[in-house]
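Each chain is listed here by its residues.
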Amino acid sequence: MTSTGPAVDKLDLKNIQGDILSGLPKKTEFYYFFNITDGPEFRKDLCDLVPLITTVDQVLKDRKRIDDHKKQKLPGLVPLTGVNISFSHLGFVKLKINDDTLSANPASRTDAFTVGQKKDAVTTLGDPARPDGQPDWDDSFLKNEIHGLFIISGESIESIEKKKREVNKIFGVGSEKASIKEIKTIKGDVRPGDLHAHEHFGFLDGISNPVIKGFDKDVNPGPPVVDPGVIVTGHTGDEAKDRRQDWAKDGSFLAFRWLDQLVPEFDKYLVDNALKEDGNGQTLTPEQGAELLGARMVGRWKSGAPIDLVPFKDDPQLAKDPKRNNNFHYADEINSQLRCPFAAHVRKTNPRNDLEGRPNGVSIPVAPNRIMRRGIQFGKEVTKEEKESATTKLPRGLLFACYQTNLEKGFQFIQQSKVSFGHADSRTSKAHDNHIRLDPIVGQGNRVMSGLDPLDPKKELSMPAFVVPRGGEYFFTPSLKGLKNTIAVAA
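Remember, it's a predicted structure, so these values are computed and weren't measured experimentally.

## Focus on the overall build of the protein
1) Next: Of regular secondary structure, the protein possesses 17 helices and ten strands.
2) Next: For 491 residues, the compact-globule estimate of 2.2 N^0.38 gives 23 Å, and the C-alpha radius of gyration of the protein, at 22 Å, lies within 12% of that figure.
3) Next: Along the longest, intermediate and shortest principal axes, the C-alpha atoms of the protein span 75 × 60 × 55 Å.
4) Next: Out of the 491 residues in the protein, the part that is buried amounts to 56%.

Here is the structure:
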């Protein structure tokens, strides 16, 4: 639902870090997590990093260079790199920076950003726990304080390795005067060839990010545009706009998740539970039945075509059409799972007319819950041995990242209230309450789902976990002015 309030503030694209609104262009990317070992020295070193930070303005210029390169059919890739930096609450504590302005609960400091993801991963996000109650994560995230994150992107591994060396030199890594310690660097890569933009389960990703009022020039049909303050702090749509200090404006909160995907097991599950008939009663081959089951779990076909529009047969041409591939609203499906299950991944994460077009006339806005999804895939393609054994041998998955101005209403709300634990969203209809259950792709908790069989929507299927969390943290991605004027300190 669009805002009817004051005019939207003009965004300073030279002040906002580039990944937030535009997404850093990349073929490969480093997520470089670090610990600050010397706060005063780090703040001095940061002055030398600020000129390397890639802004939204620069990203738009880089994307134009890429488009021009493609139009001219020139060989190879455009050489480019991008650098962004974000800080955890513990990072600001180390730097002795009062970050109360970032808290959703400044009086009590019980907000997600302050508490940190490690402490709420089990209770809030539903992550599997170790016997000691800690999330069952990689030790690099469990045994270290993570103070900050560099995102380094580029067109090749050579480019980002060179840029990482440049960043390390600024902070003295490898010398006695180092102001940071590298905790973990995870490398992500865009998948090859026709699999470009598809995550490892094979589905086209990143189609339905929110359209930002005052920023996006081409607005295709689909969900309503959202105010910039849903994603960027200090603007219309940011509920804490009036109490943000200057340094906390033009930033965004980043939720990061390191997620393993068990692809051979997922593929075997689809084959073992392949649907026998579609919603029209037409008999399906085992391959067609497995494909339809996967589409109903996700809410889109692997091509990206939404099943709300083409429920029983893929339409790759529709998937390629930006005027149609996101223009669906579950308008005829408020109390039905025939076309799309209530708990399908894309329906749970963005319910559209399930909330904004309810038949009783009470419209509940979903804009405060929207997030700007980024991230990249990691790991090698599935091997022949893995396919034959239906068992994952090599790590692969998604480096998930999303931006928002309210972690509780953004990432946490989606993960907890809509995705995990099998909870119904109390704001939806009674039909949903009975059958919504968990998100079958990224949900954590009681893994049972109804609605997968269009001819028997009450039938429930249980399933193993296909996505396994390995680590994560919450960060704040400051503006360039915030970095220069408050966080960095000249010698």
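## Focus on the side chain of Thr-54
1) Next: Secondary-structure assignment places Thr-54 in the loop between helix H2 (39-49) and helix H3 (56-71).
2) Next: Residue Thr-54 is classed as buried on the basis of its relative accessible area of 5%.
3) Next: Not counting chain neighbours up to four residues away, the residues in contact with Thr-54 comprise Gln-17, Gly-18, Leu-24, Val-59, Thr-81, Gly-82, Val-83 and Asn-84.

## Side note on the confidence of the model for the protein
1) Next: This prediction gives the protein a mean pLDDT of 90; 91% of its residues lie at or above 70.
2) Next: The low-confidence segment residues 1-6 (pLDDT under 50) makes twelve contacts with residues lying over four places distant or belonging to another chain.
3) Next: Note on residues 420-435: pLDDT is under 50 here. Beyond four places in sequence and across chains, it has 50 contacts.

## Here we look at the UniProt feature "domain: DyP dimeric alpha+beta barrel" (unreviewed entry) in the protein
1) Next: Within the UniProt annotation, "domain: DyP dimeric alpha+beta barrel" (unreviewed entry) is assigned to residues 15-192.
2) Next: Summarising residues 15-192: 35% helix, 19% strand, and an end-to-end C-alpha distance of 33 Å.

## Notes on the pattern of salt bridges
1) Next: Counted under the stated rule, the structure contains 26 salt bridges.
2) Next: One salt bridge in this structure joins Asp-57 and Lys-61, with 3.3 Å as the shortest N-O distance. Taken together, the residues Asp-57 and Lys-61, both in helix H3 and four residues apart, mark about one turn of the helix.
3) Next: Looking at Lys-61, the relative accessible area reads 46%, which means it is partly exposed.
4) Next: Put simply, Lys-249 and Asp-246 hold a salt bridge, and the shortest N to O gap is 3.4 Å.
5) Next: Judged by relative accessible area, Lys-249 falls into the partly exposed class, the value being 31%.
6) Next: Residue classification places Asp-246 among the exposed positions, given a relative accessible area of 64%.
7) Next: Within the structure, one salt-bridge network assembled from shared partners comprises Asp-99, Asp-100, Arg-109 and Asp-111.

## Observations concerning H3
1) Next: The first and last C-alpha atoms of H3 sit 23 Å apart over 16 residues, in line with the 22 Å expected at 1.5 Å per residue.
2) Next: Within H3, burial applies to Val-56, Asp-57, Val-59, Asp-62 and His-69.
3) Next: Contact partners of the buried residues in H3: helix H1 (18-21).
4) Next: Just downstream of H3 lies Lys-73, where phi reads positive at about 55 degrees.

## Digging into the packing of aromatic side chains
1) Next: Counted according to the given criterion, the structure contains 25 aromatic pairs.
2) Next: Taken together, a centroid distance of 6.4 Å and an interplanar angle of 55 degrees make the contact between Phe-92 and Phe-113 tilted. On the criterion of sequence distance, the pair formed by Phe-92 in helix H4 (residues 89-94) and Phe-113 in helix H5 (residues 112-115) is long-range, its members being 21 residues apart.
3) Next: For Phe-92, a relative accessible area of 0% puts it in the buried group.
4) Next: When its relative accessible area of 2% is taken as the criterion, Phe-113 is described as buried.
5) Next: When the ring of Phe-266 is compared with that of Phe-466, the centres are 5.2 Å apart and the planes differ by 85 degrees; the resulting orientation is edge-to-face. Of this pair, Phe-266 sits in helix H9 (residues 263-272) while Phe-466 sits in the loop between strand E9 (460-462) and strand E10 (467-477); the two residues are 200 residues apart in sequence, bridging distant segments of the chain.
6) Next: Take Phe-266: its relative accessible area is 0%, and that puts it in the buried class.
7) Next: By relative accessible area, Phe-466 is classed as buried at 0%.

Conventions we followed
- Residues numbered from 1 in each chain as written.
- Predicted model: local features only at pLDDT ≥ 70, side-chain atom pairs only at ≥ 80, totals over all residues.
- Heavy atoms only, no water.
- Helix = DSSP H or I, 4+ residues; strand = E, 2+ residues; numbered from the N terminus.
- Rg over C-alpha atoms; globule rule 2.2 N^0.38 Å.
- Buried < 20%, exposed > 50% of the residue type's maximum accessible area, 1.4 Å probe, protein only.
- Contact = heavy atoms within 4.5 Å.
- pLDDT = per-residue confidence, 0-100.
- UniProt positions renumbered as here; feature names shortened; annotations may be inferred.
- Salt bridge = Lys/Arg side-chain N within 4 Å of Asp/Glu carboxyl O.
- Expected span 1.5 Å × (residues − 1).
- Phe/Tyr/Trp six-rings, centres within 6.5 Å; stacked < 30°, edge-to-face > 60°.

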